[in-house]
Amino acid sequence: MIKFLYGYVCLVVLCGLRSCAKEASSVNTFNPESEAQLIVSDSVDLSHCGILESEFVAACDSGLVVNALDGQSLVYVLNSDGQVSESFGTEGRGPAEFLEISGLEIWHDRQNVWLGISDARRGQYVKRVLGGSARPQVVYTEDMDWDAMVRLANGMFVCAAIADSSRFYLLDSMARVLGKTDNFPPKPDGIPLISHSMACTGVLAAAPDCSMFASSVVYDGGIDVCEVRKGEIVPLWRFSQFDMDYDILPEYHNVPAPNQNSRQGYMALSFSDNYLYALYSGHKMLDEDSEMCDEVHVFDYEGRHCKRYRLDRKIYALTVDRSDNRLVGLTRDADGNVRLLVFAL
C-alpha cells in the first residue's frame, strides 16, 4: 500500500538538483478491451493467524506471504489452505530482525523459491529461501534514504530514492550502484523540485522473467513502466488518469501535504507472466478509506488496456500469481480485522 509521508521532514541538501520532473502532462482515460466482475471465492481472517495489521501480500505457487505490523513475527508464510506454515522476523536491528517492512516479493532460480524483503527504515534488502530454516541473507544495506527496492529477473536491483535528484537507482547483484534516472512524474506548478522528489514515494513491482519494472506514487494518477537495457534504466511507457496535486508546508522544510484536490491513484501493482495488474482508487485523499479500492486495471507489457475488473469487495493491497489464475487482496472487515480475499481470474 502506498505510504504517504505526512510527517517527513527532509534535512538533506540536494546539490545540483536538475529540472528532472516532467512538465508536460499526458492524461488519458482507461479504456479496456473488456470488463468483468470478480466475486470472492475464498476469505481468510488473518487475526486467527496472529496478524492484526498487514500492508503487503505476495503470491507463489505453494501459497502466500504477508507481513505483520505487530505480533510475535513480522513475516508469515501461508499454505494453499490459508494456514501458517512458517513465520519469522521480529522488530530490531539484529539478524532476522526488521524495523519497518516496506515490500515483499517472490522470485525463482533453478534451485529455490526466494522471498525478498525490503526494510526501508533500516536501509536493508534481505532474501530468504521459502520453506528453509536459514536466516535471511542481507543483500543490500546503506544509509541512503530509499522508499522501495525490487529484484529484476537478471539479478539486478532497482531502488526508488526519497528526496533525491534521481528517482531510480540501478544496482548490480551485489547492490553496487550502476546508474540512475530522474524519471519523475509531472510536477505541479510552483512546487520546488526537492518537495516533488519527497512526494514521489510509492510502490515498485518487477516483472518475473524480464528486466522490466513498474512504479506508482502518491498523489499521482499514473503508472511508469521502465526496462533495464545494457546497464541503463529506459522508460517504456506511462499511463496517467490525472496529474499530481498537493501543497507544501514551508514551516516543515516544504514537505508535501495533501490538499482538497489531492487524489489517490494506483495503490498496488503486481505482474504476472503476461500482464500488469494495478489497483486503482481515484478517491480524494482526505476522504475516509480513500485507499480502499474495488477496481483493477490490467495492462499488457506494451501498455495496452486489456481489462477492467470490478471487485465485489474493496481491498487495499493485491498480488497475482504468474499464470493469471487468482488475484489475492487484503481488506478489513466490519470489526477492523484484516482479511485475505481470493478472487478466481
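Attention here is on the structure that accompanies the text. Please read these numbers as outputs of a predicted model, since none were measured by experiment.

### Some remarks on the sheet that holds strand β10 (residues 113-119)
Okay, step 1: Ordered by their spatial adjacency, four strands build an open sheet running β9-β10-β11-β12, and the pairing between neighbours is antiparallel. Two strands close off the open sheet at either side, each with one partner strand: β9 (101-108) and β12 (137-141). Taking each pair of neighbouring strands and ignoring which way they run, the sheet shows an average axis angle of 20°.
Okay, step 2: Sheet topology note: the strand β11 (residues 124-129)/β12 ladder contains four bridges and is antiparallel. When the sheet's bridge partners are listed, Tyr-125 is paired in β12 with Tyr-140.

### Details of the environment of Glu-86
Okay, step 1: Within the secondary structure, Glu-86 sits in strand β6 (residues 84-88).
Okay, step 2: Setting aside residues up to four positions removed in sequence, Glu-86 forms contacts with Val-75, Tyr-76, Val-77, Arg-128, Leu-130, Gly-131 and Gly-132.
Okay, step 3: Side-chain polar atoms of Glu-86 contact the backbone nitrogen of Gly-131, separated by 2.8 Å.

### Observations regarding the layout of surface pockets
Okay, step 1: Taken as a whole, the largest pocket spans an internal volume of roughly 800 Å³.
Okay, step 2: The wall of the largest pocket is formed by 43 residues, among which Leu-104, Glu-105, Ile-106, Ala-205 and Ala-206 lie closest to the centre.
Okay, step 3: Of all the secondary structure elements, the ones that give two or more residues to the lining of the largest pocket are β3 (57-60), β9, β13 (146-151), β17 (202-206), β23 (266-271) and β27 (317-320).
Okay, step 4: The greatest single-element share of the lining of the largest pocket, amounting to seven residues, is contributed by β9.
Okay, step 5: For the lining of the largest pocket, the per-class residue count stands at 26 nonpolar, seven polar and ten charged.

### A word on the pattern of salt bridges
Okay, step 1: Per the stated rule, a full pass over the model turns up 17 salt bridges.
Okay, step 2: The salt bridge partner of Arg-229 is Glu-227, with a shortest N-O separation of 3.0 Å.
Okay, step 3: Assessed through its relative accessible area of 18%, Glu-227 is described here as buried.
Okay, step 4: Among the salt bridges present, the one from Glu-291 reaches Arg-332, with a minimum N-O distance of 3.5 Å. Of this pair, Glu-291 sits in the loop between β24 (275-280) and β25 (293-300) while Arg-332 sits in strand β28 (residues 326-332), and the two are 41 residues apart along the sequence.
Okay, step 5: Several salt bridges converge on common partners, so that one network encompasses Glu-35, Glu-295, Arg-308 and Arg-310.

### Side note on the side chain of Arg-339
Okay, step 1: Mapping Arg-339 onto the fold places it in strand β29 (residues 338-344).
Okay, step 2: Looking at Arg-339, its side chain comes within polar contact range of the side chain of Ser-43, at 2.8 Å.
Okay, step 3: Each residue touching Arg-339, except ones within four places of it in the same chain, is listed here: Ser-43, Val-44, Asp-45, Leu-46, Arg-313, Gly-329, Leu-330, Thr-331 and Asp-333.

### Some words on the state of the cysteines
Okay, step 1: In total, this model carries zero disulfides according to the counting rule given.
Okay, step 2: Looking at the unpaired Cys-49, the closest cysteine sulfur is the one in Cys-60, lying at 15 Å.
Okay, step 3: For Cys-49, a relative accessible area of 17% translates into the label buried.
Okay, step 4: There is no disulfide at Cys-293, and the cysteine sulfur nearest it, in Cys-200, is 19 Å away.

### Things to note about the sheet that holds β17
Okay, step 1: With respect to topology, four strands assemble into an open sheet ordered β17-β18-β19-β20, the strand pairing being antiparallel. Because the sheet does not close on itself, it has two edges, and the strands there are β17 and β20 (232-240). Taking the axes of each pair of neighbouring strands and ignoring which way they run, one obtains an average angle of 20° across the sheet.
Okay, step 2: Taken together, the five bridges between β17 and strand β18 (residues 212-217) define a ladder with antiparallel strand orientation. The partner of Leu-204 across the bridge, within β18, is Ser-215.

### Observations concerning the packing of aromatic side chains
Okay, step 1: If you walk through the whole model with that rule in mind, you get eleven aromatic pairs.
Okay, step 2: Taking 6.1 Å as the distance between ring centres and 65° as the angle between the ring planes, the aromatic pair formed by Phe-30 and Phe-239 counts as edge-to-face. Separated by 209 residues along the polypeptide, Phe-30 in the segment before β1 (34-38) and Phe-239 in strand β20 bring together distant segments of the chain. Here the two residues Phe-30 and Phe-239 agree in accessibility, since each one is buried.
Okay, step 3: Grouping aromatic residues by their ring pairs yields a cluster made of Phe-30, Trp-237, Phe-239 and Phe-299.
Okay, step 4: Here the basic side chain of Lys-127 rests over the ring of Trp-114, its NZ or CZ set 4.6 Å away from the ring centre.
Okay, step 5: The ring of Phe-242 carries the charged tip of Arg-263 above its face, separated from the ring centre by 4.0 Å.

### Looking at the pairing of β9
Okay, step 1: Burial of β9 is extensive: seven of the eight residues sit out of reach of the surface.
Okay, step 2: Two strands pair when backbone bridges link them, and β9 and β10 are joined in this way by seven bridges, in the antiparallel orientation. Paired with Ile-101 across the two strands is Asp-119, which belongs to β10.
Okay, step 3: Once β9 ends, the chain turns through four residues before running back antiparallel as β10.

### Some details on empty space enclosed by the protein
Okay, step 1: In the structure shown here, the tally under the stated rule is one cavity of 30 Å³ or more.
Okay, step 2: In this model, the largest cavity occupies a volume close to 50 Å³.
Okay, step 3: Lining the largest cavity are Ala-160, Ala-161, Arg-167, Phe-168, Cys-200, Gly-202, Val-203, Leu-204, Ser-215, Ser-216 and Val-217.
Okay, step 4: Contributing elements (two or more residues each) for the lining of the largest cavity: β14 (157-161), β17 and β18.
Okay, step 5: Grouping the constituent residues of the lining of the largest cavity by class yields seven nonpolar, three polar and one charged.

Cut-offs applied
Residues numbered from 1 in each chain as written. Predicted model: local features only at pLDDT ≥ 70, side-chain atom pairs only at ≥ 80, totals over all residues. Heavy atoms only, no water. Pairing = 2+ DSSP bridges. Helix = DSSP H or I, 4+ residues; strand = E, 2+ residues; numbered from the N terminus. Axes fitted to C-alpha atoms, helices over the stretch in contact; angles between N-to-C directions. Contact = heavy atoms within 4.5 Å. Polar contact = N/O pair within 3.5 Å; in protein donor to acceptor, adjacent residues only side chain to side chain. 1 Å grid on protein atoms, 1.4 Å probe; cavity = no way out; pocket = protein on both sides within 12 Å on 5 of 7 lines; lining within 4 Å. Points joined across faces, edges and corners; volume = space filled by probe spheres on them. Nonpolar A, V, L, I, M, F, W, Y, C, P; charged D, E, K, R; others polar. Salt bridge = Lys/Arg side-chain N within 4 Å of Asp/Glu carboxyl O. Buried < 20%, exposed > 50% of the residue type's maximum accessible area, 1.4 Å probe, protein only. Disulfide = S-S within 2.5 Å. Phe/Tyr/Trp six-rings, centres within 6.5 Å; stacked < 30°, edge-to-face > 60°. Lys NZ or Arg CZ within 6 Å of the ring centre and 35° of its normal.

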